[in-house]
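Fold and geometry: a report
Spelled out, the chains give:
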Amino acid sequence: MKKVLIYKSFERFWHWTQAILIFFLMLSGFEIHGSISFFGFENAVTYHNVAAYAFMILIVFAIFWHFTTGEWRQYVPTFKSLKSQLDFYLFGIFRNAPHPTKKTVLSKLNPLQRLTYFGLKIVVIPVMVFSGILYMLYRYPQKEGITALNIESLEIIAVLHTIGAFLLVAFVIVHLYLITTGTKVLTNLQAMLTGYEELEDEGDKEKKSLNNFENQEG
Ligand code: HEM
């Protein structure tokens, strides 16, 4: 095993800032929706807007970082080993079965994570941002802007934004549980905090398979 830098500093900054902002957007958003009462409606609207602007700025930096570093490749979905990963979470994990896929610096997401994060990045987050912006334009009329966009009713925007919010709540719940399913309960959390995680040494793996090969030959 070897300690390697798996999450770089911008990645950790982006991850935790995004986590705080999404949590905050959820809290204020569901107050606007009428489900909870925490900041008071007017404050909730103001806070939701401020957090939404911060979130959009963060997204711009994150997109830039992913494309300049090539890290976007980590999120390309794959169906290879998807079933064994699903089997692991549904059954294997309760029988102490080994993780079906190995984490490496170049491929740190398992197939299920790849698919889920890809869906979040390509569908859920864009839906939240675009419906949120349309919501902003509708609620704070800039007359021509609205007629130009021809938003006649808030309904479709509100429904899309709320469905996205529920999907994000579901994601956060599952994500919090899955954090605990690393090598040890806190391994994944520590990695996202410090950047480092103990992974199987690629060199060791090669040596091991060479040894096995020599033993078989001998
Ligand atoms: C950049 C992203 C976002 C923008 C621009 C945005 C913007 C807005 C705006 C302008 C409103 C209406 C506020 C009002 O009625 O005055 C709203 C409502 C709401 N937002 Fe967001 N939001 C964003 C992200 C999120 C996220 C990430 C969540 C939750 C995870 C969320 C949950 C909600 C909820 C539940 C409502 C109330 C919907 C309703 O009942 O009609 N929003 N958002």
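This write-up is about the structure you can find in this document. (Residues numbered from 1 in each chain as written. Predicted model: local features only at pLDDT ≥ 70, side-chain atom pairs only at ≥ 80, totals over all residues. Heavy atoms only, no water.)

Looking at the nonpolar core
Residues Phe55 and Leu168 are the most contacted members of the largest nonpolar core, which totals 24 residues. Residues contacting Leu168, with those up to four places away along its chain left out, are Met26, Leu120, Val124 and Met128. Listed in part, the 6 residues of the second largest apolar core include Val4, Ala191, Met192 and Leu199. (Core = buried A, V, L, I, M, F, W, Y, C linked by side-chain atoms within 4.5 Å. Buried < 20%, exposed > 50% of the residue type's maximum accessible area, 1.4 Å probe, protein only. Contact = heavy atoms within 4.5 Å.)

Quick word on the coordination of the iron atom of the ligand
Protein-derived ligands of the iron atom of the ligand are His48 (NE2) and His161 (NE2), with the metal-ligand distances lying across 2.0 Å. One can describe the donor arrangement at the iron atom of the ligand as octahedral, given that its 6 donor atoms subtend angles of 87 to 179° at the metal. Taken together, the positions of His48 in helix H2 (residues 41-69) and His161 in helix H6 (residues 155-179) put the pair 113 residues apart, joining distant regions of the chain. Here His161 falls in the buried class, since its relative accessible area comes to 15%. (Donors = N, O, S within 2.8 Å, 3.2 Å for Na, K, Ca; no water. Tetrahedral: all angles 85-135°; square planar, octahedral: opposite > 155°, others 65-115°. Helix = DSSP H or I, 4+ residues; strand = E, 2+ residues; numbered from the N terminus.)

A word on the site of the ligand
In the vicinity of the ligand there are 25 residues, among which Gly29, His33, His48, Tyr135 and His161 approach most closely. Residue His48 places a side-chain N or O atom 2.8 Å away from a nitrogen atom belonging to the ligand. Placement of the ligand is best described as lying within the second largest pocket. Elements with a minimum of two residues in the shell around the ligand: helix H1 (9-33), H2, helix H4 (111-139) and H6. No other element matches H4, which puts 7 residues into the shell around the ligand. The class makeup of the residues in the shell around the ligand is 17 nonpolar, 7 polar and 1 charged. (Near = heavy atom within 4 Å. Polar contact = N/O pair within 3.5 Å; in protein donor to acceptor, adjacent residues only side chain to side chain. 1 Å grid on protein atoms, 1.4 Å probe; cavity = no way out; pocket = protein on both sides within 12 Å on 5 of 7 lines; lining within 4 Å. Sits in = over half its atoms within 2 Å of the grid points. Nonpolar A, V, L, I, M, F, W, Y, C, P; charged D, E, K, R; others polar.)

Here we look at the packing of aromatic side chains
Going through the model one piece at a time under the given rule, you end up with 11 aromatic pairs. Measuring from centroid to centroid gives 4.9 Å for Phe38 and Phe39, while their planes differ by 80°, and the two rings are edge-to-face. Here Phe38 falls in the exposed class, since its relative accessible area comes to 57%. Of note, Lys121 hangs over the ring of Tyr75, and the distance from its end group to the ring centre comes to 4.3 Å. (Phe/Tyr/Trp six-rings, centres within 6.5 Å; stacked < 30°, edge-to-face > 60°. Lys NZ or Arg CZ within 6 Å of the ring centre and 35° of its normal.)

Some thoughts on the side chain of Arg12
By the secondary structure assignment, Arg12 is in helix H1. Nearest to the buried, unbridged Arg12 among oppositely charged side chains is Glu11, at 6.9 Å. When residues no more than four places from it in sequence are discounted, the contact partners of Arg12 are Leu5, Tyr7, Ala191, Met192, Leu193, Thr194 and Gly195. (Lys, Arg positive; Asp, Glu negative; His and termini not counted. Salt bridge = Lys/Arg side-chain N within 4 Å of Asp/Glu carboxyl O.)

Thoughts on the environment of Tyr138
Tracing the backbone shows Tyr138 in helix H4. According to the relative accessible area criterion, Tyr138 is partly exposed, its value standing at 28%. A sequence separation of 19 residues divides Tyr138 from Ile157, and the C-alpha atoms of the two residues are 9.7 Å apart.

Quick look at the packing of H1 against H2
Contact geometry of H1 with H2 gives a least axis separation of 9 Å together with a crossing angle of 155°. Comparing their axes, H2 and H1 come out roughly antiparallel. Crossing hand, H1 versus H2: left-handed. Along the lines of polarity and charge, the residues of the contact of H1 with H2 split into 20 nonpolar, 6 polar and 2 charged. (Axes fitted to C-alpha atoms, helices over the stretch in contact; angles between N-to-C directions. Parallel < 35°, antiparallel > 145°, perpendicular 65-115°, else oblique. Left-handed = near helix turned anticlockwise from the far one by under 90°.)

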